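# Working through the structure, step by step
Here's the letter readout for the chains.
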Amino acid sequence: MIGGSILYCEIINKDKKYHIPAYARYNLAIGSGKGAKAYDVDGREFIDFTSGIGVNSLGYSDKGWAKAVAAQAGKLQHVSNLYFSPVTAELAEVLCEQTDYAKAFFCNSGAEANECAIKIARKYSFDKYGPGRNKIITLNNSFHGRTLATLTATGQNAMHNWFFPFAEGFDYAAAGDIGELIKKADNTTCGVILEIIQGEGGVVPLSGDYLEEVAALCRAKDILLIIDEVQTGVGRTGRFLAAEHYGIQADITTLAKGLGGGLPIGACLCKEFLGNVLSAGTHGTTFGGNPVACAGALYVMQKIGDPEFLDLVETKGSYMREKITYMPGVKSVRGMGLMIGIELENGVSSDIAKKCIDNGLIVLTAKSLLRLLPPLNISYKDINKGLSLLNAVLSKNTGETI
Ligand SMILES: Cc1ncc(COP(=O)(O)O)c(C=O)c1O
């Protein structure tokens, strides 16, 4: 049993007393980390297969990343968006060159990146067609954030409670059903938002055929296709963008999570014809494009932009999926690259996640699945160590061994 020390108890008591209890936290207080290893406040080691829900793309406290971030913090930590900042301009250039987009807007989170995308879609349509063409269609089982608009965009009824009234102008279609999308995409529709793999929804991939049909429908009706790559982007699936697996480029792509390597940054990338939709005064954020966050992101881009690095993400992901397939109690394994969903025969993933922590391994859940999002540069040594811990937990759980 972990988490019983005086230090640990002091931390959780303070947190429980002073922090709004919006999170169901595990019995774990992480004090430091190195690479794919996290250490709790009492110094106990864990293999971390989560990277902070896909955020620490280069693991904990990567040396080069920490140096780049510290150097920028020592030089200039913030500059208002009323002025130009060299590091922010450089990140915009690097991101656009990497993804073949024309322009970037920086914000602080995935939800904010999606808010920006929604605003571009609505204003593009307003400028071109006038009022009334403002509907955004999203897919059932999607997740797009926790702000009021992105919560509304999230296609899960369970999320549409308590906070009424929700934002107007959203509709939902079944993921994978092009017929339903065609019916719903009427002349009041300005945008469609989707994830290539629904992450929070349980690592559910959309098919290439469906994605191509959606892209063709959007093109034919001048509806903007927005791909939310907050979780799948920045190399997570073995390509810089998951859409690259299908040769699709959305009109707008949103990024966050892994982009800053652990610092809060989101980006909304758009094609040339959308580049001037958000003119001065129509959108903004105090912290967006923060130089320290951008310096972290530039370091991440330098590493992850390398095709060999991305190939390794793909290879390591296949290796992990293959090994997990044969573990006891595993019904199926899905995902791409280092975004992995594990369907268990008994389906009770949160219990298993707790048992993993007790055994020195940190994993995520998504609906009834276990979800793994390890650091993109995780070593085979740490992969094998983590897999053997997972195997031990699953074996104990089913009474089998492999
Ligand atoms: C696909 C997707 N979009 C948006 C978000 C929201 O990002 P954030 O929590 O940074 O606002 C998430 C977070 O899990 C996500 O997975």
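In this report, the structure presented in the accompanying data block is examined. (Residues numbered from 1 in each chain as written. Predicted model: local features only at pLDDT ≥ 70, side-chain atom pairs only at ≥ 80, totals over all residues.)

### Considerations on the sheet that holds strand E1 (residues 30–34)
Read from one edge to the other, the open sheet built from 4 strands follows the order E1-E2-E3-E15, with strand pairing classed as mixed. In this open sheet, the two strands that pair with only one neighbour each are E1 and strand E15 (361–362). Examined bridge by bridge, strand E3 (residues 45–48) and E15 share 2 bridges and lie parallel to one another. Each residue of the ladder has a partner; that of Ile47, found in E15, is Leu361. Against the sheet, helix H12 (residues 380–398) makes contact with strand E2 (37–40), E3 and E15, and its axis sits at roughly 100° relative to E3, the strand it touches most. (Pairing = 2+ DSSP bridges. Helix = DSSP H or I, 4+ residues; strand = E, 2+ residues; numbered from the N terminus. Contact = placed C-beta atoms within 7 Å. Axes fitted to C-alpha atoms, helices over the stretch in contact; angles between N-to-C directions.)

### Details of the site of the ligand
Ser109, Gly110, Ala111, Val230 and Gln231 are the nearest of the 14 residues found near the ligand. Broken down by element, the shell around the ligand gets its largest block of residues, 3 residues, from helix H5 (residues 110–129). Tallied by class, the residues present in the shell around the ligand amount to 4 nonpolar, 7 polar and 3 charged. (Near = placed C-beta within 6 Å. Nonpolar A, V, L, I, M, F, W, Y, C, P; charged D, E, K, R; others polar.)

### Some points on the nonpolar core
Formed by 108 residues in total, the largest nonpolar core has its most connected members in Ile226, Ile252, Ala267 and Cys268. With 10 residues, the single largest contributor to this core is helix H9 (residues 291–304). Once residues within four sequence positions are removed from consideration, Ile226 is found in contact with Ala117, Ala121, Gly191, Val192, Ile193, Ala250, Asp251, Ile252 and Thr254. (Core = buried A, V, L, I, M, F, W, Y, C linked by C-beta atoms within 7 Å. Buried ≥ 20, exposed ≤ 12 C-beta atoms within 10 Å, placed from the backbone.)

### Focus: the environment of Asn290
Mapped onto the fold, Asn290 is located in the loop between strand E12 (266–270) and H9. Along the primary structure Asn290 and Phe106 are separated by 184 residues, whereas in three dimensions their C-alpha atoms are 8.4 Å apart.

### Some thoughts on the environment of Lys135
Checked against the element boundaries, Lys135 lands in strand E5 (residues 135–139). A tally of 22 C-beta atoms within 10 Å means that Lys135 is categorised as buried. In this structure the C-alpha to C-alpha distance between Lys135 and Glu168, which are 33 residues apart in sequence, comes to 8.3 Å. Those residues within four positions of Lys135 in sequence are excluded, and the remaining contacts are Gly169, Asp171, Thr188, Thr189 and Cys190.

### A closer look at unusual backbone geometry
What is expected of a backbone is that most residues other than glycine have negative phi and most peptide bonds are trans. Between Phe164 and Pro165 the backbone carries a cis peptide bond, its omega angle lying at -5°. Phi at Lys367 takes a positive value of approximately 50°, unusual for a residue other than glycine. Mapped onto the elements, Lys367 comes out in the loop between strand E16 (364–366) and strand E17 (369–372). Judged by the 17 C-beta atoms lying within 10 Å of it, Lys367 is partly exposed.

### Brief notes about the sheet that holds E12
Judged by pairing direction, the sheet is mixed, and its 7 strands sit side by side in the order E4-E12-E11-E10-E7-E5-E6 without closing on themselves. The outermost strands of the open sheet, each flanked by one partner alone, are strand E4 (103–107) and strand E6 (170–173). Here the strands of the sheet are splayed against their neighbours by 20° on average, with no regard to which way each runs. Of the strand pairs in this sheet, E4 and E12 are connected by 5 bridges, and their pairing is antiparallel. Within E12, the residue paired with Lys103 across the bridge is Cys270. Most of the contacts of H5 go to E12, to which it runs at about 30°, and overall it touches E4, E5, strand E7 (189–194), strand E10 (224–228), strand E11 (252–255) and E12.

By themselves these figures say nothing about function.
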